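One-letter residues, chain by chain:
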There are 2 protein chains.
Amino acid sequence: MVADGNGEQERLARVGLSRVIEPGDLAALKAFDGLSAQEIWDRLHHNSPEYERWSTRLATVDPHRDLERATAAGARFVIPGDDEWPEQVDILYEAGQLSRRAGVPFGLWVRGRANLRHAVSRAVAMVGSRACSSYGEHVAAELSSGLADSGVTIVSGGAYGIDAAAHRGALSVAGLTIAVLACGVDVSYPKRNAALLSRIAEDGLVVAELPPGCAPTKLRFLARNRLIAAIAQGTVVIEAAIRSGALNTAGWAEQCGRTVLAVPGPVTSRMSAGSHLLVRERNAVLATNVADIIEATSPFGTGLTAPPRAPQTITDTLSPDVQRTLDAVPVHNPAPAARIAATAGLDLTTTESCLQTLATMTLITQTPTGWRLPPTTPPPTPSTP
Amino acid sequence: MVADGNGEQERLARVGLSRVIEPGDLAALKAFDGLSAQEIWDRLHHNSPEYERWSTRLATVDPHRDLERATAAGARFVIPGDDEWPEQVDILYEAGQLSRRAGVPFGLWVRGRANLRHAVSRAVAMVGSRACSSYGEHVAAELSSGLADSGVTIVSGGAYGIDAAAHRGALSVAGLTIAVLACGVDVSYPKRNAALLSRIAEDGLVVAELPPGCAPTKLRFLARNRLIAAIAQGTVVIEAAIRSGALNTAGWAEQCGRTVLAVPGPVTSRMSAGSHLLVRERNAVLATNVADIIEATSPFGTGLTAPPRAPQTITDTLSPDVQRTLDAVPVHNPAPAARIAATAGLDLTTTESCLQTLATMTLITQTPTGWRLPPTTPPPTPSTP
């Protein structure tokens, strides 16, 4: 599809419908399935009692005024068929056959200079608790800046806590981030994130399904979550209590066939319980670093990372006989070469030569009564992050 | 098999072999496969160069003296066929066909009053880093005491860190715990755990494959790990670096067809990297609490636990219309009943009645310009465990 493939009437109808029909209204999805926006718009004007629940709102709707208001706020209205339309959102049509609050939005209000479709061609959603711990906030910022640095757009909901940390992480490395709101793109909600949202609109994108001026409701938050899940290739849950918006978003990602990842945390933290639940019960991928997330959200067979390995140690370089001798040297009480030879299953001459090699490498210590491993320092004092 | 189903000669041969042949010596497993202990013992005395690597040790071996020494240390020697023999260890015969350091021990030296076979009929191994964090130590103690309280025997290696915390957790609730050592059961290694090991020998069991007086070597630690893994129904890794003895034990558990569980921790902690690796790359079960571990180590279909749920909140009890109304009330900027009705898709009369109900429950607030959700307190200051 190409830009401006849509007629003016269809676009105006979609503007109007975005104000008349609540996001993800299942009754509307059912009543109007298969119709163009203009056909729906026309039917609502027929004054049929069948459509009354929506048509009562028509009196207050003026698509031209909404478009002007958007322009004044630096926003545009993007609809299916536009060059900027993110096609992955179309998956919500199928989800809409099944679930409340699904359905493809009539359009998306977009604030910011970037091209929305380009921005989400490589995008990861990062969601979690508003009341997150400092651990969660730290990890969100680290993962987000690392991903953004690798060219991944970070999608989140503009809320306090994990959302804000994720947006900030991307901004901190001049990466791209998108805030998908449950209110109008010109509404600063939550209030204390007003400066952050302005910054995102400046350097990234602020996106909403609801027209300018709309306030958030719980229903709108739930519907908004489906957009976050659908628009990204994967959703990373960082910290989430058992019942939380982040798990709702993860559920949408599952329904949309997107990868769900969860960052583990201390089992003693209530905040990580939702992440652990996702891994245990819902097959989420455990995410511990940027590479894990890139691998899981890349097309099959690309973005693969090697499993973590400890750095090679000097003992990795030993010949088999020397290694075998080392393995047979007592940890503590010294043993003579003959005893070590017997333990190692090597002859005495070979063993003695190996012991000399090991001594030169200071891997073993000679004492008056034989050989032993060097004394180790006691385990370090425990430390936690 | 019944107690004393073994001849005295077979038992003495096994005592001798436990000193002559290193635990899990693959060459010995191959050379003597299918032979009784007495047959092996006899062959070693033939002075054949084929067996020289083992027979050179014969001069210093005296089975009668080893048995006396064990008795003096309060220990006994348990062999296959004895009433107390833990039959799950026999799985190591098959593993011995494949791997270095496998093979069924010739016998087990056992200190303590409990019956070894009974003690491991319901047993979980708990292993992890010696240099663990305070988080790991705390979680090991909590899980261990909880499992022990449910009648599960805790098996570990008697080392510093996670091992010690696991043993102590079980002892703290008068539960059963077993230390499987890489040295003789009469050797206090590591030295600073001497009091703990005495206590375990008193109230639980100290078990070793090596005869009394033997010192640990790296080879013996690796071989010991196979016993820990085989004797328990599952192995829980609490904190482990990428290259660690705990992951070696987990590998043995996999080879023995036992369940491997891993406790997650902060992704910022190097100590939890091994646990996360097990979940990501090796299909270990994520363990966050005692119930998770009991479920995963119970016979199929038993020990099941319900997935974690948040406590029911008052809003769970609302009727569908009231719930729908609540979902349509703005979070912040008040809206009149008519607007809420339109958002909720309900008629005005129903909406007004629902709003009254919600107001009575103090779930919404009335203002001069309409209804909104009550102001929330800002998110609490971040806190981590």
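Refer to the structure above for everything that follows.
Residues numbered from 1 in each chain as written. Chains lettered and ligands numbered in written order. Predicted model: local features only at pLDDT ≥ 70, side-chain atom pairs only at ≥ 80, totals over all residues. Heavy atoms only, no water.

### Quick notes on the relation of the copies chain A and chain B
- With an RMSD of 0.2 Å, the fit of chain A onto chain B corresponds to turning through 180° and sliding 0.0 Å along the axis. Here the transformation between the copies is reduced to the relation of a two-fold axis. Closest to the rotation axis within chain A is the C-alpha of Gly 265 of chain A, separated from it by 2.3 Å.
- A symmetric contact is evident, with 99% of the interface residues of chain A recurring at the interface of chain B. (Least-squares fit on C-alpha atoms with pLDDT ≥ 70 in both. Contact = heavy atoms within 4.5 Å.)

### A few points about helix 5 (residues 63-72) of chain A
All names here are of chain A.
- Those residues of helix 5 not exposed but buried are Pro 63, Asp 66 and Ala 70. Buried residues in helix 5, looked at end-on, bunch into an arc of 60°, giving them a common side. In helix 5, those exposed residues whose orientation departs by more than 90 degrees from the buried face are Glu 68, Thr 71 and Ala 72.
- Near the N-terminus of helix 5, the side chain that reaches the backbone nitrogen of His 64, with its oxygen 3.1 Å away, is that of Asp 62. (Buried < 20%, exposed > 50% of the residue type's maximum accessible area, 1.4 Å probe, protein only. Helix = DSSP H or I, 4+ residues; strand = E, 2+ residues; numbered from the N terminus. Arc of directions from axis to C-beta. Polar contact = N/O pair within 3.5 Å; in protein donor to acceptor, adjacent residues only side chain to side chain.)

### A few points about the interface of chain A and chain B
- Contacts between chain A and chain B engage 73 residues on the former and 72 residues on the latter.
- Across the interface of chain A and chain B, roughly 5,800 Å² is buried in total on both sides, 62% from carbon and sulfur atoms.
- Scanning the region where chain A abuts chain B turns up four salt bridges.
- The salt bridge involving Lys 218 of chain A is made with Asp 327 of chain B; its shortest N-O contact spans 3.9 Å.
- In this structure, the connection of chain A to chain B is made through 16 residue pairs in polar contact (both at pLDDT 80 or more).
- Counting residues per element, the ones that place at least two in the side of chain A that touches chain B are helix 8 (134-149), helix 11 (218-231), helix 13 (273-282), strand 9 (285-286), helix 14 (290-297), helix 15 (320-328) and helix 16 (337-344) of chain A.
- Here the side of chain A that touches chain B is built from residues that sort into 35 nonpolar, 17 polar and 21 charged. (Buried area = accessible area lost by both parts, 1.4 Å probe. Salt bridge = Lys/Arg side-chain N within 4 Å of Asp/Glu carboxyl O. Nonpolar A, V, L, I, M, F, W, Y, C, P; charged D, E, K, R; others polar.)

### Overview of the side chain of Arg 258 of chain B
All names here are of chain B.
- In this structure, Arg 258 sits in the loop between helix 12 (245-255) and strand 8 (259-262).
- Of the buried charged residues, Arg 258 lacks a salt bridge, with Asp 90 as the closest side chain of opposite charge at 9.1 Å.
- One polar contact links the side chain of Arg 258 to the main-chain carbonyl oxygen of Gln 88, over a distance of 3.0 Å.
- In this structure the side chain of Arg 258 is engaged in a polar contact, spanning 3.2 Å, whose partner is the backbone oxygen of Cys 256.
- Not counting chain neighbours up to four residues away, the residues in contact with Arg 258 comprise Gln 88, Ile 91, Ala 229, Ala 230, Ala 232, Gln 233 and Ala 253. (Lys, Arg positive; Asp, Glu negative; His and termini not counted.)

### Focus: the pairing of strand 5 (residues 177-181) of chain A
Residue and element names in this part refer to chain A.
- Counting buried positions along strand 5 yields five of five residues, so the element is predominantly enclosed.
- Burial along strand 5 is two-sided: Thr 177, Ala 179 and Leu 181 facing one way and Ile 178 and Val 180 facing the other are all buried.
- Here strand 4 (residues 153-156) pairs with strand 5 via three bridges, running parallel. When the sheet's bridge partners are listed, Ser 156 is paired in strand 5 with Ala 179.
- This β-α-β element, strand 4 to helix 9 (residues 162-172) to strand 5, shows right-handed connectivity.
- Taken together, strand 5, helix 10 (residues 194-203) and strand 6 (residues 205-208) form a β-α-β motif whose crossover is right-handed. (Pairing = 2+ DSSP bridges. Right-handed = clockwise from strand over helix to strand, strands pointing away.)

### Considering the nonpolar core
- Ranked by internal contacts, the top residues of the largest apolar core, which has 80 residues, are Leu 116 and Ile 178 of chain A together with Leu 116 and Ile 178 of chain B.
- The residues contacting Ile 178 of chain A, other than those within four sequence positions of it, are Leu 116, Ala 119, Val 120, Thr 153, Ile 154, Val 155, Ser 156, His 167, Leu 205 and Val 207 of chain A.
- Val 124, Cys 132, Ala 148 and Ile 238 of chain A belong to the second largest nonpolar core, which has 23 residues in total. (Core = buried A, V, L, I, M, F, W, Y, C linked by side-chain atoms within 4.5 Å.)

### Things to note about the sheet that holds strand 8 (residues 259-262) of chain A
All names here are of chain A.
- Spatial ordering of the open sheet is given by 1-2-6-5-4-3-7-8-9, a layout of nine strands whose pairing is mixed. Across the chains shown, the open sheet's two edge strands, defined by having one partner strand only, are strand 1 (75-78) and strand 9.
- Pairing of strand 8 with strand 9 involves two bridges; the strand directions are parallel. Counted as the bridge partner of Ala 262 is Leu 286 from strand 9.
- Packing against the sheet, helix 11 makes contact with strand 2 (108-111), strand 3 (123-127), strand 4, strand 5 and strand 7 (234-237), and its axis sits at approximately 150° to strand 5. (Axes fitted to C-alpha atoms, helices over the stretch in contact; angles between N-to-C directions.)

### Side note on the environment of Ser 298 of chain A
All names here are of chain A.
- On the secondary structure map, Ser 298 appears in the loop between helix 14 and helix 15.
- Ser 298 gets classed as buried once you look at its relative accessible area, which sits at 15%.
- Considering only alpha carbons, one finds Ser 298 and Leu 92, 206 residues apart in sequence, at a separation of 21 Å.
- Among the polar contacts listed, one links the side chain of Ser 298 to the backbone oxygen of Ile 294, at a separation of 2.4 Å.

### A look at the side chain of Thr 249 of chain B
- Within the secondary structure layout, Thr 249 of chain B lies in helix 12.
- Relative accessible area serves as the criterion here: at 2%, Thr 249 of chain B is assigned to the buried category.

### A short note on the packing of aromatic side chains
Residues and elements named next belong to chain A.
- Within this structure, the stated rule accounts for eight aromatic pairs over all chains.
- Taking the centre distance of 4.3 Å and the plane angle of 40° together, the rings of Phe 77 and Trp 109 count as tilted. Here the residue Phe 77 occupies a position in strand 1, and Trp 109 occupies one in strand 2, the gap between them amounting to 32 residues.
- The class of Trp 109 is buried, set by a relative accessible area of 0%.
- The side chain of Arg 192 reaches across the aromatic face of Tyr 160, ending 4.7 Å from its centre. (Phe/Tyr/Trp six-rings, centres within 6.5 Å; stacked < 30°, edge-to-face > 60°. Lys NZ or Arg CZ within 6 Å of the ring centre and 35° of its normal.)

### As for the sheet that holds strand 7 (residues 234-237) of chain B
Residues and elements named next belong to chain B.
- Here we have nine strands laid out as an open sheet, ordered 1-2-6-5-4-3-7-8-9, and mixed in their pairing. What marks the edges here is a single partner per strand, and that holds for strand 1 (75-78) and strand 9 (285-286).
- Where strand 7 lies against strand 8, four bridges are found, and the strand directions are parallel. In the sheet register, Gly 234 faces strand 8, and the bridge partner there is Thr 259.
- The strands that helix 1 (residues 8-20) touches are strand 1 and strand 2 (108-111); relative to strand 1, the one it contacts most, it runs at about 105°.
- The strands touched by helix 14 (residues 290-297) are strand 3 (123-127), strand 7, strand 8 and strand 9; relative to strand 8, the strand with the most contacts, the crossing angle is about 165°.

Functional significance is not addressed by these values, which are geometric in nature.
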